[in-house]
Each structure stands twice: as structure tokens, then as C-alpha cells.
Amino acid sequence: MIQLIRGFKDILPGEVELWQKIEAVVAALFQDFGFHEIRIPIMEKTALFARSIGEHTDIVEKEMYTFPDRKGDLITLRPEATASVVRAYIQHKLYAKEAIQKFYTIGPMFRRERPQKGRYRQFYQINAEVFGVAAPQIDAQLIIMLSTLLDRLEVKNTTVHINSLGCFECRPGFKAALKEFLGECQDQLCLDCLRRMEKNPLRVLDCKVPDCKKAMEKAPVLLDYLCSPCQEHFKQVQKLLNIFKISYIINQYLVRGLDYYNRTTFEIQTSALGAQSAVAGGGRYDGLVKTLGGSDQPAIGFAIGFDRLVEIIRQNSEIQKAGPDLFIAALGETAKTKAFDWLINFNLAGLKTEMEFSQKSLKTQMKRANRIGAKQVLIIGENELARERVILRDMSTKEQIMIPISNLVEQVLAQFGLKGEN
Ligand code: HAM
């Protein structure tokens, strides 16, 4: 039997209802905050991701699904959505339509990481991106929106971590100091960090290897190197979060795994998922629109790990697959022919209805109705046909009423508060 690709998964009925519920809560909340949905392709030219995420990041160096298409052009299954949203924003000149643009998008991403709980090779993200606002208010507004979403979904035990990565003015000073420090403690660093040291030294700060973590305790602190506009921006973000009673931790090691960030970065972390602690992450990326060929536009956004969100919520609640409103248990050919006609009529009228097509005993049909959670069962056999009346049984109260066959569709629909076509 051909099985799933490792790290990929099916989302089956029974679980998909929770995904749908979350999607509905997200759409309602994000739209209240002024976001519009955008849908972007699953594949892009490889250069788009290399240039935006950064050549020396783990994602670009080792995790992308990249291959030549039939003409030899290099294409990549998207490892994240921000680069594509920026590309669409530039390509369709969306900045010319309105100075401030807010988008959200939900869909699958692909990274060839080592699969484990909370980490997949195809996973889903809920993304929000804002273009055209430099003010710290938008940083706070996004974090408030994200916290509100988690509250509405009753996700508990999460912590907001924030940091500032400075800007193109002040970060080089910090990088130089960090490089010098790393040079002095090389013997304590893991092989990955020795490699990162030259190309991407900031990443050493969030290495999870215990020896590296210990060495980083004495590392220079980014916040000490911020220029005054960056300091002021970060202070304002904190002030606004305090006003709206969002609790947060300033985490100087929060540098994020993608290169496009500057100033505010944030993550929502949880202890519910073992090693995979981040449910959501984001930050400012003021230089990316320009890097990808657009005008100089400030931007900020975040992505929620949808799979991780579902896993946390599933630990707290049981979502039931909704059963049909009605099941038709018909016995004998004549009854089944009639029942099929009613079935289609009910389906068309918006009454969720199922029936048994093969010849099964009444007992077996009632068992199936019960198993799939049907609310009512319409029973029709030889006797009912002869008397021109069928039984409608309420599966929870066990009450039964008789319904005349003439005009049956309208009468059953009326029982459910629905109207027929004529
Ligand atoms: P990211 O931190 O790489 O950021 O991913 C965001 C979230 O996606 C993570 O916090 C995690 O919950 C989830 N995630 C990442 N990789 C996996 C995986 N292999 N399996 C399951 N879940 C995963 C970004 O992607 C940025 N584009 C976020 C952003 C938007 N920044 C600005 N705008």
C-alpha cells in the first residue's frame, strides 16, 4: 500500500471540524481589525525565498523543497507566506491603491525538517501582514489581536515574548560586538554555531544546545545597542501593551529564524507542545519590500502554527463531528424507492439527511443512525406503506410521531423549521 510522505498528514473528518471552527474565529476577528484575505500560490521562484528569508538561514540552507521544473527553472514549495505576500503587494502595485494595507492568508507551508510532535514537513499557517505603518501602535495592535485570538479559542498557558532587533543603523554595532564575543568562546559552541558565527551570528543567541545556551548567558545584549529611535519605538510598544494589560516577557535571545526582521519581534510560546514551544511568531520587516524591488515601505506581520494551535486546543476540548438531522430507515424495494426521492428532496432543502441504500434489517439501520449521531429517524417498511403513514422517531427523547405519506417532505421539513421548494 502506498503511504503518506513522511512528515505529511491527512486531516480527517472528526478533526477537520476544529480547523473549520478556528478558521471562522480567525476570519471574524481579523476582519474586525481591518484585514482582508489574500490567497497566494503554493510555489514560487526559489530566488524569492532565498532573497527574503536569507541565504544563510536553516530554512534556505537545508529545509526547502526546491526542484527544477520541466524547463529547468528552480521553483520552491513555499516554506512561509510573507515573501509571497510581499511579492504580490509589489507585483500588483497594491501600495498605490491604499497607503495602508492589511492582509491575512491561511494555507500549507513546506519545510523539510525532522518530523516530531508539533513539527511537520507540510504544516499550516495563519498569517497576518500589514504594509505602510511605521508607528509602534501597529506592533501593539497585532500582538493584541493575536492574544485576543488565543483568548477566544480558550488557549491557556501561553506567554508573549518580545524583543527588538534594532535597525540597519544600530544592528551592525551589535553584530560586531557579538562576533568578537563568539570568537572568545568558540570552544564552548556546537558545530552549527561555529558555522553560524561568521554568516549569521545572531542565530547563535537562540541555539537550544545546552552548552551554547550557557555560553550565551554572558553575551552582549542587543537592547543595549539600540539607537535612540529604536529604543523609543520599543518603549512605546511596551507602554501600549501595558495599557491593554497584555503580559509579556522581554526575551533578549528572541532573534527569529528568518533574516528579514528589524525592530520588534515577538513569539507566543507554550509549554504544551514539548520541544516545539512557539505557537506563533512575527515581527517588523521594514526593509523587505525594498529588497524585493518595491518602494521603501514599513511592514510587520506574524504567522500562527495552525497544527500546533489545533494540538493545544484538542488537549482541552472534544469537538464532535456533527451528525445528520435525519436518517431514513427504509425496508423493502418500494419503500427504498420512495425514501430515495425524499432523501434528495431533503438534501436540496438543506436538511442534512442520510439513508441506507442496501437491504439491511431495521435493527442494523437503527444502529447506524445511532452511530452517526442522527437526530431523528424516519422509519418506513411494508406496514407503513400500507397505512400510508411513516414513523418519525426522535433519537434523544425516543418519542415517535406518525406522519402521513402524502405531503411528507413539507411536513418533515416543517418539523425542522424548514420550508420545501414549492
Ligand atoms: P516562523 O517562526 O518560521 O515564522 O513560523 C511561524 C510559526 O509556524 C511557528 O511559530 C510555528 O508555530 C509554525 N511552524 C513553523 N515550522 C513548523 C513546522 N515544521 N511544523 C509545524 N509548525 C511549524 C514565519 O514563518 C514568518 N513568515 C512569520 C511572519 C509573518 N513574520 C512576519 N510575518
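The structure reproduced in this document is the subject of the present report. Along each chain, residue indices are assigned from 1 in the same order as the chain's sequence is written. Reporting of local features is limited, given that this is a predicted model, to residues whose pLDDT is at least 70; pairs of side-chain atoms are given and counted only at 80 or more, and all residues count toward the totals for whole chains, interfaces and linings. Hydrogens and water molecules were not included; the side-chain quantities draw on all heavy atoms of the structure.

### Comments concerning the packing of helix 13 (residues 333-349) against helix 16 (residues 408-415)
Inclusion rule: In this analysis, axes come from line fits to C-alpha atoms, helices being fitted only over the stretch in contact, and the angle between any two N-to-C directions falls in the range 0 to 180 degrees. Numbering goes from the N terminus for both helices and strands, where a helix is a DSSP run of H or I of at least four residues and a strand is a run of E of at least two. Angular relationships are summarised with four words: roughly parallel below 35 degrees, roughly antiparallel beyond 145, roughly perpendicular across 65 to 115, and oblique for the angles in between. Here a crossing is called left-handed whenever its near helix is offset anticlockwise from the far helix by less than a right angle, and right-handed whenever the offset is clockwise. Two residues form a contact once any of their heavy atoms are found within 4.5 Å. Residues were grouped as follows: Ala, Val, Leu, Ile, Met, Phe, Trp, Tyr, Cys and Pro as nonpolar; Asp, Glu, Lys and Arg as charged; and all remaining residues, including Gly, as polar.
Closest axis-to-axis distance for the helix 13/helix 16 pair is 10 Å, and the angle between their directions is 45 degrees. As judged from the angle between their axes, helix 13 and helix 16 are oblique. Note that helix 13 runs across helix 16; the crossing there is right-handed. Residues Trp342, Asn345, Phe346 and Ala349 of helix 13 form the contact with helix 16, whose own contacting residues are Leu408, Val409, Val412 and Leu413. Across the contact of helix 13 with helix 16, the residue classes break down as 7 nonpolar, 1 polar and no charged.

### What about helix 12 (residues 306-316)?
Residues separated by three or four positions in an α-helix point in the same direction, a consequence of the helix having 3.6 residues per turn. For clarity, the cut-off: Each residue's exposure class comes from its accessible area (1.4 Å probe, protein chains only) as a fraction of the maximum for that residue type: buried when under 20%, exposed when over 50%, partly exposed otherwise.
Of all 11 residues in helix 12, 8 are buried; the element is thus mostly enclosed. Regarding helix 12, the residues found buried are Phe306, Asp307, Arg308, Leu309, Val310, Glu311, Ile312 and Ile313.

### Let's talk about the packing of helix 1 (residues 16-32) against helix 12
One way to put it is that helix 1 packs onto helix 12 with a least axis distance of 11 Å and a crossing angle of 110 degrees. It follows that helix 1 is roughly perpendicular to helix 12 by the angle criterion. Once helix 1 is placed against helix 12, the crossing between them reads as right-handed. The segment helix 1 lies against helix 12, with Leu18, Trp19, Ile22 and Glu23 engaging Phe306, Asp307, Leu309, Val310, Ile313 and Arg314.

### Things to note about the sheet that holds strand 10 (residues 278-284)
Two pairing modes exist for strands in a sheet, parallel and antiparallel, and in both the strands are linked by backbone hydrogen bonds. Quick reminder of the rule: Strands were regarded as paired on the criterion that DSSP finds at least two bridges between them.
Strands sit in the order 1-5-6-11-10-9-7-8 across an open sheet of 8 strands; the sheet is mixed. Of all the strands in the sheet, the pair left with one neighbour each is strand 1 (36-37) and strand 8 (248-250). Sheet topology note: the strand 5 (residues 101-110)/strand 6 (residues 122-131) ladder contains 10 bridges and is antiparallel. Note on strand 6: the bridge partner recorded for Phe110 is Gln122.

Any link to function would need more than the numbers given here.
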